[in-house]
Amino acid sequence: MMKEILAASHGVKQVICISWGAKYGALFINRLYAMVTRNITPPFTFTCFTDNREGLHPSILCQDLPELDVVKMPVNSLGIWSKARLWGPKLGNLQGPVLFLDLDLVIVSSLDHFFECGGANDVVMARNQTTPFRRLGQTSLFRFKVGSLVSLQETFRADPQGVADKYRFEQRFVTLNAPSGVKFFPRQWVLHFRQDCRWPFPLNYFLAPRMPHGARVVIFPRGLLPQDAIEGRFSANSRNSSPLNHIIGIFDKARRGKKTPFKYLRHYIRPTSWVAEHWRE
């Protein structure tokens, strides 16, 4: 299948990302580019659609954010609906299949295999790990052909808030409305850090999160970033503490917040050195 996929993109593996605002910036983009470079067989391109090019590695192909023509984006929605900018009939000067990567994921093995699944016209998604009994995809990593999702963008543009209220997450909207349906990459290729890597209670106090065999990419959704995993924080808002100190915190209402005692105890991870080994320039 790789020959067919690459033929549609002039023999080049096309990797893209998108960045807007100040949440991530050059550090995340440059590290993503470095991880791609270490884990892909040339020829390839790495294109970032962004509103701020300051500090980016000179080899990154920067292009302006695609127009979306939406007056008001959805509010009070969990989905990352600005990704809809990528669903238009054109995507800069790119043609054919592109592999989209979120800025906060960690690449731990070769990306070449993501250009082997399905055909050149297919939408191929990572499995949504939080819904194991439903056929839903994850847009932290997915491949699509430029221009193949125009109908999704048009539907979203017609009623942004209504679409967001109905589907909540943009990945659910893509999965259920892609014109020719979706296919999925093997489940073990794209893993969820909290679900697939950290140990359950009480092992989380003794063992650092593991990197399961067969993993190629690890995603970090819902408020946990790679640096938090490196330092041993369950989220950006939690503190880095020793196992004993965290257990003692169960008696501190200010630290435990609204969590039940068991949920508080589960929300602990030890520092994760293998994330630091991969998440770097």
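Up top is the structure these notes are about.
Described below are features of the structure shown in this document. None of the values given here were measured: they were computed from a predicted structure. (Residues numbered from 1 in each chain as written. Predicted model: local features only at pLDDT ≥ 70, side-chain atom pairs only at ≥ 80, totals over all residues. Heavy atoms only, no water.)

What follows is about the pairing of strand β1 (residues 13-19). Burial analysis of β1 places seven of its seven residues in the buried class, the great majority of the element. Alternating residues of β1 divide into K13, V15, C17 and S19 and Q14, I16 and I18, and every residue in both groups is buried. By the bridge criterion, seven bridges tie β1 to strand β2 (residues 44-50) in an arrangement that is parallel. Across the sheet, K13 pairs through a bridge with F44, a residue of β2. The parallel pair β1 and β2, bridged by helix α2 (residues 26-38), forms a crossover whose chirality is right-handed. Where β1 lies against strand β4 (residues 97-101), two bridges are found, and the strand directions are parallel. By the bridge assignment for β4, I16 is matched with F100. (Buried < 20%, exposed > 50% of the residue type's maximum accessible area, 1.4 Å probe, protein only. Helix = DSSP H or I, 4+ residues; strand = E, 2+ residues; numbered from the N terminus. Pairing = 2+ DSSP bridges. Right-handed = clockwise from strand over helix to strand, strands pointing away.)

Core analysis: the biggest nonpolar cluster contains 47 residues, and L32, L101 and F193 have the highest contact counts within it. It is α2 that contributes the most residues to this core, six residues altogether. Excluding its chain neighbours within four sequence positions, the residues that come into contact with F193 are R198, P209, V218, I219, F220, L224, A229, I269, T272, W274 and V275. In this structure, V123, V146, A164 and V182 belong to the second largest nonpolar core, which totals 30 residues. (Core = buried A, V, L, I, M, F, W, Y, C linked by side-chain atoms within 4.5 Å. Contact = heavy atoms within 4.5 Å.)

Right, let's get into the packing of aromatic side chains. What the rule picks out here adds up to 17 aromatic pairs. Taken together, the ring pairs connect W81, W87, F156, Y167 and F173 into an aromatic cluster. Here the basic side chain of R31 rests over the ring of W279, its NZ or CZ set 4.4 Å away from the ring centre. The aromatic ring of F234 is capped on one face by R194, whose charged end is 4.4 Å from the ring centroid. (Phe/Tyr/Trp six-rings, centres within 6.5 Å; stacked < 30°, edge-to-face > 60°. Lys NZ or Arg CZ within 6 Å of the ring centre and 35° of its normal.)

Turning to the pattern of salt bridges, a few remarks are in order. Per the counting criterion, the structure on display carries eight salt bridges. For the salt bridge of K13 with D112, the shortest nitrogen-to-oxygen distance reads 3.9 Å. Taken together, the residues K13 in strand β1 and D112 in the loop between β5 (106-107) and β6 (124-127) connect sequence positions 99 residues apart. Assigned by exposure class, K13 and D112 land together as buried. Look at the salt bridges and you will find they share partners, linking K83, D102 and E170 into a network. (Salt bridge = Lys/Arg side-chain N within 4 Å of Asp/Glu carboxyl O.)

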